[in-house]
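Single-letter residue listing:
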Amino acid sequence: ELGPTLERMAQTLRDQLPASGSGERGWVPPGTHPDPRPPDDADVVVVGGGVVGWSVAYWLKVLEGRRRHGMKVLVVERDPMYSRASTVLSAGGIRQQFSLRENIQMSRFSASFLRDINEHLGVPNEPPIDIQFQPSGYLFLASPQNAAALEATVQLQRDEGAQVTLMSPTQLKMKFPWINTEDVAVASYGLEDEGWFDPWTLLNAFRRKATSLGVRSCSGEVRGEGWGYTARFAPCHPQDSPPHPKTLQVYMPDSLEYQPVACAIVVNAAGAWAGKLLEADGLPRGLCRPSLPIQPRKRYVFTWHCPNGPGLSCPFLVDTSGAYFRRDGFAGNYLGGMSPPEVSPWGPLRSFIPLFFIRHLQSVLFQEEEPDPSDLSVDHDYFQEQIWPRLARRVPAFESLRVRGSWAGYYDYNTFDQNGVLGPHPRLENLFLAAGFSGHGLQHAPATGRAVAELLIKGRYETLDLRRLGWDRLVDGEPLEEHAVV
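First things first, this report covers the structure right here in the doc. (Residues numbered from 1 in each chain as written. Predicted model: local features only at pLDDT ≥ 70, side-chain atom pairs only at ≥ 80, totals over all residues. Heavy atoms only, no water.)

**Describing the overall build of the protein chain**
Thought 1: A tally of helices and strands in the protein chain yields twelve helices and 19 strands.
Thought 2: By residue count, 52% of the 486 residues in the protein chain fall in the buried class.
Thought 3: Within the protein chain, counting contacts between residues at least 6 apart in sequence, those at least 24 apart form 75% of the total.
Thought 4: For the protein chain, the exposed surface amounts to about 22200 Å²; the carbon and sulfur share of it is 51%. (Helix = DSSP H or I, 4+ residues; strand = E, 2+ residues; numbered from the N terminus. Buried < 20%, exposed > 50% of the residue type's maximum accessible area, 1.4 Å probe, protein only. Contact = heavy atoms within 4.5 Å. Areas by Shrake-Rupley, 256 points an atom, 1.4 Å probe, with all protein chains shown as cover.)

**Brief notes about the packing of aromatic side chains**
Thought 1: Going through the model one piece at a time under the given rule, you end up with 26 aromatic pairs.
Thought 2: Note on tyrosine 82 and tryptophan 200: the rings are 5.8 Å apart at their centroids and 75° apart in plane angle, and the pair reads as edge-to-face. Here tryptophan 200 lies in helix H7 (residues 199-212) and tyrosine 82 lies in the loop between strand S2 (73-77) and strand S3 (93-94), a separation of 118 residues in the sequence.
Thought 3: Taking the relative accessible area as the measure of exposure, tryptophan 200 reaches 13% and is therefore buried.
Thought 4: When the ring of phenylalanine 113 is compared with that of phenylalanine 206, the centres are 5.5 Å apart and the planes differ by 10°; the resulting orientation is stacked. Residue phenylalanine 113 is found in helix H3 (residues 101-115), and its partner phenylalanine 206 is found in helix H7; the two are separated by 93 residues along the sequence.
Thought 5: Given the relative accessible area of 2%, phenylalanine 113 is considered buried. (Phe/Tyr/Trp six-rings, centres within 6.5 Å; stacked < 30°, edge-to-face > 60°.)

**With respect to the sheet that holds strand S15 (residues 324-327)**
Thought 1: One open sheet holds the eight strands; their spatial order is S5-S6-S4-S14-S15-S16-S13-S17, and the pairing between them is mixed. Only two strands of the sheet have a single neighbouring strand rather than two, namely strand S5 (164-167) and strand S17 (402-414). Strand-to-strand twist across the sheet, computed as the mean angle between neighbouring axes with direction ignored, equals 20°.
Thought 2: Bridge count between strand S14 (residues 316-318) and S15: two bridges; the pairing is antiparallel. Following the sheet pairing, leucine 317 is matched in S15 by phenylalanine 325.
Thought 3: This element, helix H5 (residues 147-159), spans strand S4 (138-142), S5 and strand S6 (186-190) of the sheet and lies at about 155° to S5. (Pairing = 2+ DSSP bridges. Axes fitted to C-alpha atoms, helices over the stretch in contact; angles between N-to-C directions.)

**Considering H5**
Thought 1: Helix length check: H5 (13 residues) gives 19 Å between terminal C-alpha atoms against 18 Å at 1.5 Å per residue, within 8%.
Thought 2: Turning to H5, its buried residues are Ala147, Leu150, Thr153, Val154, Leu156 and Gln157.
Thought 3: Residues of H5 that are buried make contact with H3, S4, S5 and S6.
Thought 4: Backbone geometry just downstream of H5 places glycine 161 in the positive-phi region, at approximately 95°. (Expected span 1.5 Å × (residues − 1).)

**Some words on the pattern of salt bridges**
Thought 1: Tallied over the entire structure, the rule returns 20 salt bridges.
Thought 2: We note a salt bridge from arginine 101 to glutamate 160, for which the minimum N-O separation is 2.4 Å. Of this pair, arginine 101 sits in helix H3 while glutamate 160 sits in the loop between H5 and S5, and the two are 59 residues apart along the sequence.
Thought 3: Owing to a relative accessible area of 38%, arginine 101 belongs among the partly exposed residues under this scheme.
Thought 4: Of the charged contacts, one joins aspartate 183 and arginine 394 as a salt bridge, the two residues approaching to 2.8 Å between their closest N and O atoms. Separated by 211 residues along the polypeptide, aspartate 183 in the loop between helix H6 (169-175) and S6 and arginine 394 in helix H10 (residues 380-394) bring together distant segments of the chain.
Thought 5: Residue class for aspartate 183 comes out partly exposed when judged on its relative accessible area of 30%.
Thought 6: Assessed through its relative accessible area of 2%, arginine 394 is described here as buried. (Salt bridge = Lys/Arg side-chain N within 4 Å of Asp/Glu carboxyl O.)

What follows is the structure in structure tokens.
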């Protein structure tokens, strides 16, 4: 068995070392067509080649069936090396512990998909896929003020079939002796289908499988000013006939050159830049309202070593303070981080001020709480001043930890309610959205791709009813609150 094992290791290294390619053009991402230019036309153009975009492309080919002339699907990715991609810079977690029913259902679908990943994404004559799944549950800690909310959320998760248990401080200390249970009133712990995996392997698996099914991809950037559209007006009721985007301009990397691509359907899976894509000077006035409230938000991940830290049973722990960490391999290695705390000076006024309005005011009045997203530099003082004290308070052994590394990545942050936006645009007839997951896009990618593909091919959701995640809530100003955002 040594030979196949070494071959899988070699393939993994080849995938992760772009500079190791050979030939005049050097390394080419798997699935990229030898011709660097995009085709002249496609039935569906997926803007964004992260895990969500490739999942959409994969499911489109799976659900189209055995048609004589297959659907022409093109995936456009502006960062072919994925050096700034949210997918590969994430912590790689998957959990059932959400407070919104749709998110729980998507997690359960994705967990089932990943469990049988080789049946879905295996490619003949290719090594089997190993996403290196670590089945350690998420552990959410709640303070006395948030205990009732956590207990209600766990009941919802159980109603959806998730295996989650509640633990008292005494039970928590017995199972995880290394935890300081001070200020913890209750904890919730996932018993199955939770843990973490390698994001890069999942992205490559979707990409290789979709490519084997005939999906094309190219490197380039789709910009808002490059839209071409056809106004489709009914004789008596022009307002009832929305415009119909018919072409996109794909700008070549490091060049002013662009290639028009005629298309029937556009899927905006551009992640953190999905909102910017629709800030389009080339679109008719008024069609970009309501705006898509998705922005890039920079998040740090730090790695450290602590020889006396939690052992192999270490879960993915989310502290009452918002800090989180998990085991990173073996031998006392860990990774973790923390989203900037939401500053809320309104106190009791929260009971009648809408959540989305509070978050908007926070984004205006407390911008210093958010790191500058213009680049992916890391603020190391943030760990020293904000994260480390919280970690050491919860896990006393972390008082002697030693930082080993760090990186930054982007959340495609939905400032409206921190949930994904799925489905058709209300005013552009053939534009569909799959973005804004605010940190849980990776784990929900299998379900998201399936849902969007069902809408495009069958005209309705069949596997999961995700209608509440559509644009209507943006138009109506009614956010879907997700309280378990890490």
